[in-house]
Amino acid sequence: MPKEYALIDCNNFYASCERAFRPDLRGRPLVVLSNNDGCIIARSNEVKDLGVGMGTPYFKCKAQLERHGIAVFSSNYALYGDLSARVMRVLTRFCPHVEIYSIDEAFVDLSGIPGGATQFARRLRATVEQWTSIPVSIGIGPTKTLAKLTNKFAKQQPRCHGVFNLNTSPDPDRVLRWTEIGDIWGIGPRHAKRLRKLGVNNAFDFRSLKQDWVKKKMTITGLQTLLELRGLPCHGLEAGPVSKKTIVSSRSFGHPVTSQEHLLEATAQYATRAAEKLRKQRSVASHILVFLQTNKFRLGQPQYSNTVSIPLIVSTAHTPTLIKAAQAGMTRIYREGYAYKKCGVMLSGLEASNGRWLSLLDIPPDAHSRHTPIMEAVDACNARWGRDTVKFAASGINGSWRMRREMRSPRYTTTWDELLGVQT
DNA sequence: TCTGGGGTCCTAGGACCC
DNA sequence: TCTGGGGTCCTAGGACCC
């Protein structure tokens, strides 16, 4: 019996979230923009049909969007994160094994489910939509790669009504022929271009290539994709949340930044965010990397970018220590006379905080563990009363470097002041 | 004027060691 | 005229994902 992996994928997730509390937007075209209102990162079906591409800079298509009366939103991650959690809660309630793969996707194992995977998936789809108002599509196949590709088929073929099972299909090869080479999970634009030149245009063509050739040209990961398309599972379901090996916090600035003072504020802010993520997964970091860069799209302007990695004497998750190290790094790479676009910090060398290596240097063993209670208290306050209830002065108050989000919808589900009002 | 953010894995090649 | 061989570790860069 083949496995029955299902991929549950929210349709146009961010766009669907914006519609969840705005029924007037159903059937109306809408887009969601990236941070700083820079690029299009989500489109409703109507906008996809107009040919507006994913990742298009907003300023390049603004006029077209206005002409067609398209609603435009800044990204509202508080809302998307909360609705995602609701969708995932429904899945974990009904499915035995769930792997949350991204904010809008989850794999589940439906092998041997009573009544059959297809019927189960249809009920699950209806329940998710009824309980969260988020529409999803479900693709089922013997491997994760085939479930992924079947999901796209289910989403785009109206006859499927959002659910398709490759395992019970009378003609599974039809789905593979339908899948363009660049739409296969694991085959990106570079490999797709090369394969097309060789006449390999869809998943069916790719599946018949020789293993040795694929491994040579596309490494072991390409070979795994090939085997998965042949129905041999190379990727299982992750058992639980996996700890990150690196943690990054970085942002483009709302406006170009020239002063060292503002860069140091931003650096402190990103170090604070990264440290929060670090503590959330109960890790400590042994290295902190800081980088900054000018705007690479401004070809006429002087360009400069640099990176510095700083080893920490003792692995830590203590925000003030990390801020200090990050700011020291930033001071080292800052050069006067440039208009900076972006900076950020990356934490690496992560280990579980309970199994930390002790430094051989002469540091009292409790030098950092004595900081643990205070950081726990800060995290608890911010969890209870909202982000930045307790913050570090080094981040400044209202620097012009903070990002722009001029068209953000209300945080309907996570902020009291922004709850949906109902008129009586 | 205006071009996102955060991750993973694999490989090649250099440094270094015996 | 001659200039070993093999192993490990680290880093940079490429490719991919959402």
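The structure presented is a predicted model; accordingly, all values stated were derived computationally and were not measured. (Residues numbered from 1 in each chain as written. Chains lettered and ligands numbered in written order. Predicted model: local features only at pLDDT ≥ 70, side-chain atom pairs only at ≥ 80, totals over all residues. Heavy atoms only, no water.)

1. Details of the sheet that holds strand β7 (residues 136-141)
Argument step 1. Strands sit in the order β5-β6-β1-β7-β8 across an open sheet of five strands; the sheet is mixed. Where the open sheet ends on each side, the last strands, each with one partner, are β5 (98-102) and β8 (163-165). Across the sheet, the mean angle from the axis of one strand to that of its neighbour is 15°, orientation sign disregarded.
Argument step 2. With four bridges joining them, β5 and strand β6 (residues 105-109) adopt antiparallel strand pairing. For Glu99, the partnering residue across the bridge sits in β6 and is Phe107.
Argument step 3. Across the sheet, helix α4 (residues 77-94) touches β1 (5-10), β5 and β6, and the angle it forms with β5 is around 160°.
Argument step 4. Seen against the sheet, helix α5 (residues 117-132) touches β1, β7 and β8 and runs at an angle of roughly 165° to β7. (Pairing = 2+ DSSP bridges. Helix = DSSP H or I, 4+ residues; strand = E, 2+ residues; numbered from the N terminus. Axes fitted to C-alpha atoms, helices over the stretch in contact; angles between N-to-C directions. Contact = heavy atoms within 4.5 Å.)

2. Brief notes about the protein's contact with DNA strand C
Argument step 1. Around DNA strand C, a shell composed of 13 residues is seen, among which Ser102, Lys148, Gly186, Gly188 and Arg190 lie nearest.
Argument step 2. Restricting the count to atoms of DNA strand C within 4 Å of the protein gives a sugar and phosphate share of 100%.
Argument step 3. Note that a sugar or linking oxygen of DNA strand C is positioned 2.8 Å from one of the side-chain N or O atoms of Ser102.
Argument step 4. Contact between DNA strand C and Lys148: a phosphate oxygen at 2.7 Å from a side-chain N or O atom of the residue. (Near = heavy atom within 4 Å. Polar contact = N/O pair within 3.5 Å; in protein donor to acceptor, adjacent residues only side chain to side chain.)

3. Some words on the packing of aromatic side chains
Argument step 1. On inspection of all chains with the given rule, the structure shows 16 aromatic pairs.
Argument step 2. On the numbers, 5.2 Å between centres and 25° between planes, the contact of Tyr304 with Tyr338 is stacked. Here Tyr304 is found in the loop between β10 (283-294) and β11 (305-316), whereas its partner Tyr338 is found in the loop between α12 (319-333) and β12 (340-348), with 34 residues between them in sequence.
Argument step 3. Relative accessible area serves as the criterion here: at 15%, Tyr304 is assigned to the buried category.
Argument step 4. Ring plane angle 70° and centroid distance 6.4 Å describe the contact between Tyr304 and Tyr340, whose orientation is recorded as edge-to-face. (Phe/Tyr/Trp six-rings, centres within 6.5 Å; stacked < 30°, edge-to-face > 60°. Buried < 20%, exposed > 50% of the residue type's maximum accessible area, 1.4 Å probe, protein only.)

4. A word on the UniProt feature "domain: UmuC" (unreviewed entry) in chain A
Argument step 1. The UniProt entry lists residues 5-188 under the feature "domain: UmuC" (unreviewed entry), expressed in the numbering used here.
Argument step 2. What you have in residues 5-188 is 42% helix and 20% strand, and the ends, taken at the C-alpha atoms, are 23 Å apart. (UniProt positions renumbered as here; feature names shortened; annotations may be inferred.)

5. A few points about the side chain of Ser74
Argument step 1. Considering the arrangement of structural elements, one finds Ser74 in strand β4 (residues 71-74).
Argument step 2. Looking at Ser74, its side chain comes within polar contact range of the side chain of Asp37, at 2.7 Å.
Argument step 3. Looking at Ser74, its side chain comes within polar contact range of the main-chain nitrogen of Glu406, at 3.3 Å.
Argument step 4. What Ser74 contacts, discounting residues up to four positions off in sequence, is Glu18, Val32, Leu33, Asp37, Tyr80, Arg405, Glu406, Met407 and Arg408.

6. Observations concerning the protein's contact with DNA strand B
Argument step 1. Near DNA strand B lie 24 residues; those nearest to it are Val248, Ser250, Ser252, Arg298 and Lys341.
Argument step 2. The protein-proximal atoms of DNA strand B, defined as those within 4 Å of the protein, are 75% sugar or phosphate.
Argument step 3. Here a sugar or linking oxygen of DNA strand B sits 2.9 Å away from a polar atom, N or O, in the side chain of Ser34.
Argument step 4. For the surface near DNA strand B, the secondary structure elements donating two or more residues are α10 (211-229), β9 (247-257) and β12.
Argument step 5. In terms of residue class, the surface near DNA strand B is made up of seven nonpolar, 10 polar and seven charged. (Nonpolar A, V, L, I, M, F, W, Y, C, P; charged D, E, K, R; others polar.)

7. Brief notes about unusual backbone geometry
Argument step 1. The backbone phi angle of Ser133 is positive, close to 70°, even though this residue is not glycine.
Argument step 2. You can see Ser133 is positioned in the loop between α5 and β7.
Argument step 3. Residues other than glycine seldom take positive phi values, yet Thr219 does so here, at roughly 60°.
Argument step 4. Structurally, the position occupied by Thr219 is in helix α10.

8. As for the state of the cysteines
Argument step 1. Scanning the model with the defined rule gives zero disulfides in all.
Argument step 2. With no disulfide partner, Cys95 has as its closest neighbouring cysteine sulfur the one in Cys10, 13 Å distant.
Argument step 3. Judged by relative accessible area, which is 5%, Cys95 ranks as buried. (Disulfide = S-S within 2.5 Å.)

9. A look at the sheet that holds strand β3 (residues 40-43)
Argument step 1. An order of β3-β2-β4 is seen for the three strands of this open sheet, with the pairing classed as mixed. Single-partner strands in this sheet number two, and they are β3 and β4. Across the sheet, the mean angle separating the axes of adjacent strands is 25° when strand polarity is ignored.
Argument step 2. Examined bridge by bridge, strand β2 (residues 30-33) and β3 share three bridges and lie antiparallel to one another.

10. Concerning a positive patch on the surface
Argument step 1. Where like charges cluster on the molecular surface, the positive patch consists of Lys244, Arg251, Lys277, Arg387 and Arg405.
Argument step 2. Residue position: Arg405 is located in the segment after α13 (372-385). (Patch = residues over 30% accessible without salt bridge, like charges linked within 9 Å, V, L, I, M, F, W, Y side chains within 5 Å. Areas by Shrake-Rupley, 256 points an atom, 1.4 Å probe, with all protein chains shown as cover. Salt bridge = Lys/Arg side-chain N within 4 Å of Asp/Glu carboxyl O. Lys, Arg positive; Asp, Glu negative; His and termini not counted. Charge placed at Lys NZ, Arg CZ, Asp CG, Glu CD.)

11. Some details on the side chain of Ser395
Argument step 1. By the secondary structure assignment, Ser395 is in the segment after α13.
Argument step 2. Since its relative accessible area comes to 2%, Ser395 is described here as buried.
Argument step 3. Apart from the residues within four sequence positions on either side, Ser395 is in contact with Glu265, Ala268, Gln269, Thr272, Trp401 and Arg402.

12. Topic: the packing of helix α1 (residues 13-20) against α4
A packed helix pair is summarised by two numbers, namely the angle formed by the two axes and the spacing between the axes.
Argument step 1. Contact pair α1 / α4: the axes reach a minimum separation of 10 Å and the direction vectors enclose 95°. For the element pair α1 / α4, the angle class is roughly perpendicular. Where α1 approaches α4, its residues Phe13, Tyr14, Cys17, Glu18 and Ala20 are matched on the opposing element by Tyr77, Leu79, Tyr80, Leu83 and Ser84.
Argument step 2. Along the lines of polarity and charge, the residues of the contact of α1 with α4 split into eight nonpolar, one polar and one charged. (Parallel < 35°, antiparallel > 145°, perpendicular 65-115°, else oblique.)

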